[in-house]
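Secondary and tertiary structure notes
Listed below, chain by chain, are the residues.
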Amino acid sequence: MLGNFSYANPTKLYFGDDSLKSLNTELPKYGKNVVLVYGGGSVKKSGLYDEVIAILNANGKTVSEIAGVMPNPTIEKLYEGMEIARKANVDLILAVGGGSVCDYAKALSVSVNCDEDPWEKYYLKFEEPSCETIPVGCVLTMAGTGSEMNAGAVITNHKSKLKIGHVFADEKIMPRFSILNPNYTLTLPKYQMCAGIYDIFNHICEQYFSGDDDNTSDYISEGLMKSLIHSSRIANKNPQDYEARSNIMWTATWALNTLVAKGKSTDWMVHMLGQAVGAVTDATHGMTLSAVSLSYYKYIMDAGLHKFVRFAKNVWNINTDGKTDKEIALEGLSAMENWMKELGLAMNLREIGTTEDMIEDIVNASLIMEGGYKILTKDDVRNILEASM
Ligand code: NZQ
Ligand code: ZN
């Protein structure tokens, strides 16, 4: 276990099929002006929008709306929302949707009272807010990002072909409360369910494939991965299985609510590649990760061989008898590949709309992280992207 750290996570979670009524407990804690943020219409179709509006009305709230937050929310949409939230004199931002809606609400929270340009301040200079931030609450409809219990907010700028995540240092940017009702995820198209599952898995990998120390986090991560693989197989056969979808939702939260990153180094290079692909193609986040993962892990495997062996043994139950470390590690990755194929994930970049002429823009948009087993050069990034085509 490495270093010194502090740990606090202030997000209050309400989990289960009865959890929406907890809005009645939370809403009285905030002023009367609520900005309700949602996506492209799934919440209206499912009836959740009407339920939330009824609870807001019953609590005497004045509601303004920011509708149509798109997957991979854009900076232009953020500017539009800032106007609405300022006019509303917002006291609470209530996000009802997936990670995009939740991320957007946090980006809005730090931008409403900010005099500077949020793209410049938060996404290019990575500064922390110097203005008063607005509390955020979240009703989650998709399991994947962990946005419901972290301080991350990813925003896309199509003009500059960049998709950047800022994980704010101050835990008050995390949602004050999040409502996690697995039933809400049952209406997700299977493609999105599986993209979310791989997003969860890769969040764990990003924090697992790094470091040489003996670390409690790695044991927790192995447990989370095993639970996710198990539940994903059940949900893949029967997406309506409430228990499997509950476990997936809960695993998503723990995969990226800062716990398993504590006291250890982390990688995040698959996400940097995936986000760069997303910036150029606007593809679904989880699929951008699955498309580059295997090439990336094969590329860096020798540099972190001991961990890939451990992954093969402890997560995929690979029989090690008479095999070299490299053979064991490769068998682990091939078990992961088979599982990814079972879920119907994108296995290469072409499947998600990437063409050769985009590669250079993706290389340019890829930020390099330094916590993994191999620090990549831009040439390494190009090699991995070409191997992922
Ligand atoms: O817009 P609507 O109509 O709601 O449709 C959405 C969207 O089209 C739909 N959907 C969501 N819940 C649904 C549903 N459809 C039917 N029934 C439901 N219950 O699913 C589509 C995808 O939704 P989105 O919110 O975009 O997906 P996700 O939760 O994967 O969020 C992706 C965004 O989060 C960022 C990604 O980069 C991306 O921008 N991330 C945020 C992170 C964080 N805060 O820590 C970390 C992640 O690594 C990730 O980067
Ligand atoms: Zn992710």
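Basis of the calculations
Residues numbered from 1 in each chain as written. Chains lettered and ligands numbered in written order. Predicted model: local features only at pLDDT ≥ 70, side-chain atom pairs only at ≥ 80, totals over all residues. Heavy atoms only, no water. Axes fitted to C-alpha atoms, helices over the stretch in contact; angles between N-to-C directions. Helix = DSSP H or I, 4+ residues; strand = E, 2+ residues; numbered from the N terminus. Parallel < 35°, antiparallel > 145°, perpendicular 65-115°, else oblique. Contact = heavy atoms within 4.5 Å. Nonpolar A, V, L, I, M, F, W, Y, C, P; charged D, E, K, R; others polar. Donors = N, O, S within 2.8 Å, 3.2 Å for Na, K, Ca; no water. Buried < 20%, exposed > 50% of the residue type's maximum accessible area, 1.4 Å probe, protein only. Pairing = 2+ DSSP bridges. Near = heavy atom within 4 Å. Polar contact = N/O pair within 3.5 Å; in protein donor to acceptor, adjacent residues only side chain to side chain. Areas by Shrake-Rupley, 256 points an atom, 1.4 Å probe, with all protein chains shown as cover. Domains from an automatic or database assignment. Expected span 1.5 Å × (residues − 1). Arc of directions from axis to C-beta.

The geometry of helix α7 (residues 190-208) relative to helix α12 (residues 305-314) is characterised by a closest axis approach of 12 Å and an angle of 140 degrees between their N-to-C directions. Judged by the inter-axis angle, α7 sits oblique to α12. For the pair formed by α7 and α12, the contact residues are F201, C205 and Y208 on the first element and K307, R310 and F311 on the second. Of the residues assigned to the contact of α7 with α12, the class counts are four nonpolar, no polar and two charged.

With that settled, consider the coordination of the zinc ion (ligand 2). The coordination sphere of the zinc ion (ligand 2), as far as protein atoms go, consists of D199 (OD), H203 (NE2), H271 (NE2) and H285 (NE2), spread over 1.9 to 2.2 Å. The sequence pattern describing where the donors of the zinc ion (ligand 2) fall on their chain is D-x3-H-x67-H-x13-H. Placement of the pair is D199 and H203 together in helix α7, with a separation of four residues, close to one helical turn. You'll find D199 and H203 in the same group, each marked buried.

Phi is positive for F126, close to 55 degrees, though the residue is something other than glycine. When you line up the elements, F126 lands in the loop between α6 (118-124) and β5 (136-140). For F126, a relative accessible area of 37% translates into the label partly exposed. Phi angles above zero are rare outside glycine, and D282 is one such case at about 60 degrees. Within the secondary structure, D282 sits in the loop between α10 (269-281) and α11 (285-300).

With that out of the way, let us pick up the sheet that holds β5. Spatially, the six strands line up as an open sheet ordered β1-β8-β5-β4-β2-β3, and their pairing is parallel. Each having just a single partner strand, β1 (12-15) and β3 (62-66) make up the two edges of the open sheet. Geometrically, the sheet is characterised by an average inter-axis angle of 20 degrees between neighbouring strands, direction not taken into account. In the sheet, strand β2 (residues 33-38) pairs with strand β4 (residues 92-97) via five bridges, with the strands oriented parallel. Across the sheet, V37 pairs through a bridge with A95, a residue of β4. Relative to the sheet, helix α3 (residues 48-58) contacts β2, β3, β4 and β5, its axis offset from that of β2 by approximately 175 degrees. The sheet contacts of helix α9 (residues 242-255) involve β1, β5 and β8 (177-180), and relative to β1 the element is tilted by about 170 degrees.

Taken together, 30 residues lie near ligand 1, and G40, S42, G99, S100 and D103 sit nearest. One nitrogen or oxygen atom from the side chain of S147 is found 3.4 Å from a nitrogen atom belonging to ligand 1. Within the backbone of Y184, a nitrogen or oxygen atom sits 2.7 Å from a nitrogen atom of ligand 1. Isolated, ligand 1 exposes 960 Å² of accessible area, and the fraction of that covered by the protein chains is 88%. Among the elements of the structure, α5 (99-111), β6 (152-157), α7 and α10 are those that each provide at least two residues to the shell around ligand 1. Split into classes, the residues belonging to the shell around ligand 1 amount to eight nonpolar, 19 polar and three charged. Split by domain, the shell around ligand 1 shows at least three residues from each of two domains, domain 1 (12-185) and domain 2 (190-387).

A rise of 1.5 Å per residue sets the reference length of α10, with its 13 residues, at 18 Å; its end C-alpha atoms lie 18 Å apart and thus fit the reference within 8%. When α10 is considered as a whole, its buried residues turn out to be M269, V270, H271, M272, L273, G274, Q275, A276, V277, G278, A279 and T281. Summarising the contacts, the buried residues of α10 are in contact with β6, β7 (162-167), α7, α11, α14 (359-365) and α15 (378-387). Once α10 finishes, D282 follows within two positions and takes phi at roughly 60 degrees, a positive value.

This next bit is on α3. Looking at α3, one finds that the buried residues are L48, Y49, V52, I53, I55 and L56. On an axial view of α3, the arc spanned by its buried residues comes to 165 degrees, and they lie on one face. With respect to the buried face of α3, the exposed residues turned more than 90 degrees away are D50 and A58. In the core, the buried residues of α3 are packed alongside α1 (23-26), β2, α2 (42-46), β3, β4 and β5. Phi turns positive one or two residues past the end of α3, at G60, with a value near 70 degrees.

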